[in-house]
Amino acid sequence: MEEERIGYLIEKCPDTRVIRQIHAHVLTRLLPISAVSFLLSKIVGFCALSRHGDINHARKVFAQTPNPNIFSWNSLIRGYYLVGSQSKVPLFLYKELVRKGYPSANTFTLAFVLKACSNILAFDEGKQVHARVLRSGFVSNQFVQTGLLNFYAKCEDIGLAEKVFDEIHERNVIAWSTMISGYAMMGLVNKAFGAFREMQTSNVVPDKVTMVSVISACAMAGALDIGRWIHAYIEKHMIETDIMLSTALVNMYAKCGCIEKAKEIFKGIPVKDHKAWSSMIVGLAVHGLAEEALEAFSRMEESKVTPSHVTFIGVLSACAHGGLVSEGRRYWSSMIELGIEPSIEHYGCMVDLLCRASLVGEACNFVQTMPFYPNPVIWRTLLIGCQKNKMLHKGEVAGEQLLALEPSNPENYILLSNFYASVAQWEKMSHVRKMMKERGMKVVPGCASIEIDGFVHEFVMGDWHHPEAKEIRQALRVIAERVSDAGYEPQVSDVLHNVGNEEKGIYLCEHSERLAIAYGILKTKAPVPIRIVKNLRVCIDCHEVTKIISKIYEREIIVRDRVRFHKFVDGTCSCKDYW
């Protein structure tokens with residue numbers, strides 16, 4: 001039959017030129033309507049999904065198709081999803097399909113639309129699709145269940161993701177990997193590790209996608225021991241280590257403070273893409289190894305790998321951490337010459353670079369050249385720069401802009417309050433605190449975590465609910481005595497509260513990283529390094545005290561704060577007191 005012959009030719013079509021010829025042939029032949037519809041649907045599928053296709057031509061053919069079948073709809077929805085992961089067209093097509101009422105959406109339709117909702121974080125639309133799933137009776141379909149799980153995990157509604165996961169009776173590797181990835185994205189690292197262990201007891205064999213998810217959780221938590229165990233598991237079970245998995249390992253070791261191991265794995269990647277190079281450059285940058293980061297960038301250029309916008313974020317961050325102002329300006333110019341349009345993140349890196357170098361006035365002028373309005377991160381950076389340099393007027397302007405942009409973020413009020421305290425504007429500080437209280441805002445507390453025996457322990461400033469709190473208090477007292485005997489006095493100027501010096505000293509002693517370090521000394525012995533992850537920037541006093549602790553206890557202490565790594569050895573820090 002001619003219909004079958006043409007259908008075979010469409011499947012074997014080498015390029016769009018031939019498919020256009022076949023398309024013209026179908027339209028000019030006197031074929032039955034049903035045959036025309038079938039062949040046009042095949043052409044839509046080829047143009048939408050083949051690497052030799054053309055999504056725009058697929059849309060034109062679809063418009064010509066009399067009563068397009070569900071295969072045509074699905075091909076077009078999936079095709080637009082594949083062409084542009086941030087496209088809203090799949091959602092518009094699905095809404096049009098529902099409006100028409102025919103043909104009925106099937107499980108593939110719903111799975112594809114859920115993927116599109118996941119990518120653009122279209123939470124409301126995704127919930128509507130979920131409602132359609134329930135009405136259609138497809139709730140037990142494996143593809144749809146996985147789509148729903150991925151959607152809720154990507155939209156960071158971990159409660160609904162868990163509910164969907166619990167309803168999946170036969171969980172395959174995709175479902176487990178998606179749940180683990182969801183936990184990792186939310187920072188629920190112990191749950192991510194727990195799910196991985198449960199996956200193993202369920203006799204589901206993890207694949208490289210699973211391992212990337214678990215490794216990402218390790219990177220987020222700074223859980224080096226678990227990360228090492230996962231790496232050994234990969235090698236023992238001979239899981240294919242492709243560039244995606246290798247890059248995840250580089251990122252994990254870098255974020256867990258093992259930059260030498262990260263460099264070793266990076267060196268072993270035979271063909272490095274821009275993601276691998278960028279991960280290495282960013283890792284070196286956050287460790288304060290500015291010169292090595294810039295050297296890696298030079299090798300990347302020599303390898304003819306085109307840098308991405310992420311690469312330049314790493315390069316500019318390295319310049320900021322190293323105080324390399326002139327180099328930062330030069331790389332900014334290089335980025336623009338390469339045709340990479342600076343994003344808000346790149347502008348933020350440059351503002352950070354200038355503020356760290358006490359060039360706050362130049363940073364303010366630089367912000368005025370931006371083609372878009374500064375985001376809260378940039379205003380916060382300027383405010384911190386103004387606090388450091390005691391610049392009242394500019395700081396007030398940054399604070400006002402910050403509160404106007406994010407009036408519900410308590411961190412902004414704390415920053416502005418601290419700024420006023422640093423310049424002894426106590427009345428203005430009290431006014432900001434009063435505003436917080438009236439609006440019912442709660443301060444995000446300082447939090448530090450440490451991994452001991454495969455479990456991540458979290459400590460919050462002044463929180464004594466840990467089961468070993470009594471022992472930690474005793475360890476803190478001993479540490480404080482030894483630090484005091486070493487001749488150190490608390491830098492109470494870093495406590496921005498209008499209270500007495502004795503009370504300020506108590507505030508400092510209960511900072512979260514102090515609790516985590518005390519627990520590390522309590523539970524581990526030299527030469528095991530103490531590795532801490534903190535959600536805020538390390539304060540000056542804790543930085544000085546940690547240097548002393550590293551010397552008197554002869555312990556290597558690695559602290560990953562909100563901005564970078566600090567490696568304390570024998571009374572000195574890798575940041576050279578520039579952070």
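Bear in mind the structure is a predicted one, so any value in this text is a computation, not a measurement. (Residues numbered from 1 in each chain as written. Predicted model: local features only at pLDDT ≥ 70, side-chain atom pairs only at ≥ 80, totals over all residues. Heavy atoms only, no water.)

**What to know about the UniProt feature "repeat: PPR" (unreviewed entry) in the protein**
For step 1, the next point in the chain: The UniProt entry lists residues 172-206, 273-307 and 308-342 under the feature "repeat: PPR" (unreviewed entry), expressed in the numbering used here.
For step 2, the next point in the chain: Across residues 273-307, helical content stands at 74% and strand content at 0%; the span's end C-alpha atoms are separated by 9 Å.
For step 3, the next point in the chain: With 77% helix and 0% strand, the stretch residues 308-342 has end C-alpha atoms that lie 11 Å from each other. (UniProt positions renumbered as here; feature names shortened; annotations may be inferred. Helix = DSSP H or I, 4+ residues; strand = E, 2+ residues; numbered from the N terminus.)

**Regarding the side chain of S279**
For step 1, the next point in the chain: Within the fold, S279 resides in helix α17 (residues 274-286).
For step 2, the next point in the chain: Once residues lying within four places of it in the same chain are set aside, the contact partners of S279 are T247 and V250. (Contact = heavy atoms within 4.5 Å.)

**Brief notes about the pairing of strand β1 (residues 447-452)**
For step 1, the next point in the chain: Counting buried residues along β1, six of its six residues qualify, which places the element largely inside the surrounding structure.
For step 2, the next point in the chain: Side chains C447, S449 and E451 of β1 all project onto a buried face; the interleaved residues A448, I450 and I452 project onto the opposite face, where all are buried too.
For step 3, the next point in the chain: Note: β1 against strand β2 (residues 455-460), six bridges, orientation antiparallel. Bridging from a neighbouring strand, E451 pairs with V456 of β2.
For step 4, the next point in the chain: In textbook terms, the turn of a hairpin is the stretch between consecutive antiparallel strands, and for β1 and β2 this stretch comprises two residues, one of which, D453, has a positive phi near 55°.
For step 5, the next point in the chain: The pairing of β1 with strand β3 (residues 530-534) spans two bridges and is classified as antiparallel. Counted as the bridge partner of S449 is V533 from β3. (Buried < 20%, exposed > 50% of the residue type's maximum accessible area, 1.4 Å probe, protein only. Pairing = 2+ DSSP bridges.)

**A look at the packing of aromatic side chains**
For step 1, the next point in the chain: Under the counting rule described, the total for this entry stands at 20 aromatic pairs.
For step 2, the next point in the chain: For the pair F108 and F143, a centre-to-centre distance of 6.0 Å together with 35° between the ring planes defines the contact as tilted. Taken together, the residues F108 in helix α7 (residues 107-119) and F143 in helix α9 (residues 142-154) connect sequence positions 35 residues apart.
For step 3, the next point in the chain: Exposure remark for F108: the relative accessible area of 43% places this residue in the partly exposed category. (Phe/Tyr/Trp six-rings, centres within 6.5 Å; stacked < 30°, edge-to-face > 60°.)

**Details of helix α10 (residues 158-167)**
For step 1, the next point in the chain: Buried within α10 we find I158, A161, V164 and F165. For α10, the buried positions fall inside an angular range of 120° around the axis, keeping them on one side. Exposed positions of α10 whose direction lies more than 90 degrees from the buried face are K163 and D166. (Arc of directions from axis to C-beta.)

**Examining the sheet that holds β1**
For step 1, the next point in the chain: Across the sheet, which stays open at both edges, the six strands sit in the order β2-β1-β3-β4-β5-β6 with mixed pairing between neighbours. Only two strands of the sheet have a single partner each, and these edge strands are β2 and β6 (572-573).
For step 2, the next point in the chain: Packing against the sheet, helix α30 (residues 540-552) makes contact with β4 (557-560), β5 (565-569) and β6, and its axis sits at approximately 40° to β5. (Axes fitted to C-alpha atoms, helices over the stretch in contact; angles between N-to-C directions.)

**Let's talk about the pattern of salt bridges**
For step 1, the next point in the chain: Per the stated rule, a full pass over the model turns up 24 salt bridges.
For step 2, the next point in the chain: Residue D242 is joined to K208 by a salt bridge in which the shortest nitrogen-to-oxygen separation is 3.0 Å. In this pair, D242 is assigned in the loop between α14 (224-236) and α15 (243-255) and K208 in helix α13 (residues 208-221), connecting sequence segments 34 residues apart.
For step 3, the next point in the chain: A relative accessible area of 19% means that D242 is categorised as buried.
For step 4, the next point in the chain: By relative accessible area, K208 is classed as partly exposed at 24%.
For step 5, the next point in the chain: Two residues, K263 and E260, come together in a salt bridge whose shortest N-O distance is 3.1 Å. Note that K263 and E260 are positioned in helix α16 (residues 259-268) at a spacing of three residues, about one turn of the helix.
For step 6, the next point in the chain: Take K263: its relative accessible area is 23%, and that puts it in the partly exposed class.
For step 7, the next point in the chain: With relative accessibility at 54%, the residue E260 sits in the exposed group.
For step 8, the next point in the chain: Among the ionic contacts, a cluster of salt bridges with common partners joins E96, R99 and K100. (Salt bridge = Lys/Arg side-chain N within 4 Å of Asp/Glu carboxyl O.)

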